[in-house]
Amino acid sequence: MVNRLIARDVAYEYQNGVRALDGAALELERGELVAVIGPNGSGKSTLLRCLAGLIEPSSGTVEVDGEAVVRLPPRERACRIAVVPQFLPKLLDVRVEDFVLGGRYAHMGRWRTAQKQDRAIVRAALERCDSLDVAERRMSELSGGQRQRVLVARAIAQAAGVLLVDEPTNSLDPEHQLAVFRSLAELVRGGRAALVVTHDLNLASQFATRAIVMQSGKTIDSGPVDRVLTRAVLEPVYGPHLHFGRFANGRPIVVPWDATS
Amino acid sequence: MSAAATGEAPRRHASRARSGRFAFVFGVLLLALFFGSVCLGPTVRFSVGEAWRGLLALVDFGPDLESASRQSILELRVWRALVTIGVGAALALSGGFIQGLFQNGLASPSLIGVTGGAALGAAVAVLIVGGYAPRLVLEHVGSNAYLIPAFGFAGAFATTALVVYLSGGGGRTSVTALLLTGIAVNMCVAGLFAAIQSLTLKDWEVSRAILAWTFGTLDDRSGYHAAIVFAGLALAAACIPFTALELDLLKGGEADAQSLGVNVGKLKWLAIFAAAVSASSAVAVAGQIAFVGLVVPHLVRLAIGGTHGVLLWLSLLGGGVFLLGAEFLQRWWLGEAALQPGVVMSLIGGPFFLMLLIRERREVGQW
C-alpha cells in the first residue's frame, strides 16, 4: 500500500443548492502531514468528508492508492482511511477501551469478535496517546482534551495508511494541542499520510510539511508552510487583520491582530 | 501495563458473568411461568407431573392423559403459553432493534408502522370474513380463520416497506427521515383504520371483531399461530450477529460508523427487516399489544447496560418472561384473563413511559 490520496476537480453541492466545493484538488503522499486551512465556510470539512468517502462528490474523483474511494467496500475503505472527527454528536456512555476497539471493526472477521491481538493494538494506541489511564472510564466522563486524544487513539487502532483529521485542537489547552500534533507527526514519520483541517495556523506552521489554502470551495494554493503562511497568500483569504512573525526555528507565526487597538 | 494490572480482564469477565446470570434467571423464570401457565386455570388444574406427562404425549414421547378432555385442555394451554412467550420475545426483540437503530430508548416498533399496518391488514381481513368482499373472493376465502393473521402480517410488512421507501431508500435514508416518515405514514394508516371502523359501526359482529383485535388476544391459539411467531422470531434473531456490533458503533452517529467501516445502509435494512419481521409475526397472531417493545429493552438496558450483542438476546428472553408473567399473574389473581393482553400492557406501559420521559428529561435538565 502506498498511502496516496488524490482528489481531482472535486465539486459538491448540497440538496439546498449550496455549492460547498467547486473544483477542489489535492494530493497527499505517504510521510506527509498536510494542513488544510481557510476561512469558515470555505469547504474544508466538506472536502474532508468527500476524501473519506462519507459523501459522494457531485463531480470529480477521489482516489486512494489508485482506487475510487466511493467504490471501495466500507470495511476496505476503513482499512485504508481513518477519520478523526471534530467531535461526536453526543457524549457516549461507553467504556473508553470499547470505544477505541471500534477502530478495529474493519479488521474483524465474519462474526465480529475482537481477538487478543485487537485488544493489544487498542491498548498500544491508548498508550501512544497517553490515555491508557482512562481506558476503564466512560467516554462521557472524559474532558474535551482526553476525548480528543481517545479519538486519535481510535484512528491509530484502525491502522489505516491515511488519516483525515477535522480540527483536532478545538477546545484543547496548549499542552494538549501540541500533544495531538506530536502524535500525528510521529504517525506520519512512521509511514502514514495525514491531512489535518485546522484553523490554527501556528500549529500548522510547526508541524505540517505542506499547507493547502481553501477559499469558496476551491483549493487556491498549496505548498511548503514557509511559502504559504505569508501575507501575500493569506491576506486575500483572511483579510488584513493578521500579524506575521517568526518562531525561533524560523517557521512563520501568524496571529490575528487589530492594528487599531 | 498488563491487562491484569489494570483490572481489564476481571472487569470484562464480571460483565459477562452478570449477563450470564440474567440469562439464567430469565431462563428459569420462563420455564417456571410456562409450567405455571399450563398447570393453572379457572376450572381444571394439573399437577406438574401430569403436565409433564401431557407435554411428553404432545411430542409423541408417551401416552395421552387418561382423560381426553384434560389432554385437550392441556394442549390449548401449551399453545397459548408458547404463543405468549413468542409474542413477548418477538415484540421485545423488535423494540431492541428499533431503539438501537434510532439510538433512542423511547422508540418502539410502532414507529416504523408495524402496529398500525397490522391493524389495518387485520381490519381488511375481518371485512372479508364478515362478508364485505366481492362474492368471487368470498367463495375462495369463506371464513378462513387464517386470513386475519396473514393479512395482519402483510399489512405490517407492507406499511414498514412503505415507510422505508418514502423516507428515501435504505442506503441514503437518515434516521430522522425514517422517524418523520414513520409518523406520517402511521397517521395515514390510522385514518384508514378509523374509516373502516366508522363504516362498520352498524355491523355489530364485524365492528366487535375489529375492536377485539386492537386489544390483542392470546386465547385459542394453535400450532399455526406458534409457527408464525417463532418463524418471525427466528428470522429476526438470525440478524443479531450481523447487526449487534454495528448498532453499538452507530452510537457515535452515522458518519462516524461509516468511517469505521460500517455499511450503514445495509445495517438499516437489516435492523428494520429484523424489527419488522418479528413485530409483524407477533401482532399477526396476537393483535395489538403495546409497550412490550418499549418497556423490555429499556429495562434490560437499565439493568445491565452493555452492548447490543447482550441487550438483544436478553430482550428476547425478557420479553417472553414479561408477557407470560403478566398473563400468568392476571390468571392467578383473577382466576381468568379478565383483561385482554393489550389492555394490561397499556395499563403497565403508559405510566412506565411517563416515568421514563420524566427521568430522561430530568437527566438533561429540562424538567
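Residues numbered from 1 in each chain as written. Chains lettered and ligands numbered in written order. Predicted model: local features only at pLDDT ≥ 70, side-chain atom pairs only at ≥ 80, totals over all residues. Heavy atoms only, no water.

**Let's talk about the overall build of chain A**
The helix and strand inventory of chain A stands at nine helices and 12 strands. On C-alpha atoms alone, chain A measures out to a radius of gyration of 18 Å, which is about the 18 Å that the 2.2 N^0.38 rule sets for 261 residues. Along the longest, intermediate and shortest principal axes, the C-alpha atoms of chain A span 60 × 40 × 35 Å. Within chain A, buried positions represent 54% of all 261 residues. Excluding contacts between residues fewer than 6 apart, the proportion of contacts in chain A whose partners are at least 24 apart in sequence is 66%. (Helix = DSSP H or I, 4+ residues; strand = E, 2+ residues; numbered from the N terminus. Rg over C-alpha atoms; globule rule 2.2 N^0.38 Å. Buried < 20%, exposed > 50% of the residue type's maximum accessible area, 1.4 Å probe, protein only. Contact = heavy atoms within 4.5 Å.)

**Remarks on the sheet that holds strand β1 (residues 5–13) of chain A**
Hydrogen bonds between backbone groups are what pair the strands of a sheet, and the pairing can be parallel or antiparallel. As summarised here, the arrangement of the four strands in space is β2-β1-β4-β5 (chain A), forming an open sheet in which the pairing is antiparallel. At either margin of the open sheet sits one strand with a lone partner, and together these are β2 (19–28) and β5 (67–68) of chain A. (Pairing = 2+ DSSP bridges.)

**Regarding the pairing of strand β12 (residues 252–256) of chain A**
Residue and element names in this part refer to chain A. Sheet analysis places strand β11 (residues 242–246) next to β12, joined by five bridges and oriented antiparallel. Each residue of the ladder has a partner; that of Leu242, found in β12, is Pro256. Connecting β11 to the antiparallel partner β12 that follows it, the hairpin turn spans five residues, and Gly250 within it adopts a positive phi of roughly 90 degrees.

**Overview of a nonpolar patch on the surface**
On the surface, a cluster of nonpolar side chains totalling about 370 Å² of accessible area is made up of Phe24(B), Val25(B), Val28(B) and Leu29(B). Along the chain, the position of Val28(B) falls in helix α2 (residues 8–39). (Patch = residues over 30% accessible without salt bridge, like charges linked within 9 Å, V, L, I, M, F, W, Y side chains within 5 Å. Areas by Shrake-Rupley, 256 points an atom, 1.4 Å probe, with all protein chains shown as cover. Salt bridge = Lys/Arg side-chain N within 4 Å of Asp/Glu carboxyl O.)

**Re the nonpolar core**
In this structure, Phe34(B), Val87(B), Leu93(B) and Phe97(B) are the most contacted members of the largest nonpolar core, which totals 96 residues. Looking at this core element by element, the count peaks at 15 residues for helix α4 (residues 68–102) of chain B. When sequence neighbours within four positions are dropped, the list of residues in contact with Leu93(B) reads Leu233(B), Ala236(B), Ala237(B), Ile240(B), Leu312(B) and Leu316(B). With 57 residues, the next largest nonpolar core counts Phe99(A), Val100(A), Val165(A) and Phe244(A) among its residues. (Core = buried A, V, L, I, M, F, W, Y, C linked by side-chain atoms within 4.5 Å.)

**A closer look at the packing of aromatic side chains**
Taken as a whole and assessed by the stated rule, the structure comprises seven aromatic pairs over all chains. Measuring from centroid to centroid gives 5.9 Å for Phe34(B) and Phe35(B), while their planes differ by 85 degrees, and the two rings are edge-to-face. For the pair Phe153(B) and Phe157(B), a centre-to-centre distance of 5.7 Å together with 15 degrees between the ring planes defines the contact as stacked. In this pair, Phe153(B) and Phe157(B) both sit in helix α7 (residues 147–166), four residues apart, roughly one turn of the helix. Since its relative accessible area comes to 28%, Phe157(B) is described here as partly exposed. Cation over ring: Arg75(A) sits above Tyr105(A), and NZ or CZ is 4.8 Å from the ring centre. (Phe/Tyr/Trp six-rings, centres within 6.5 Å; stacked < 30°, edge-to-face > 60°. Lys NZ or Arg CZ within 6 Å of the ring centre and 35° of its normal.)

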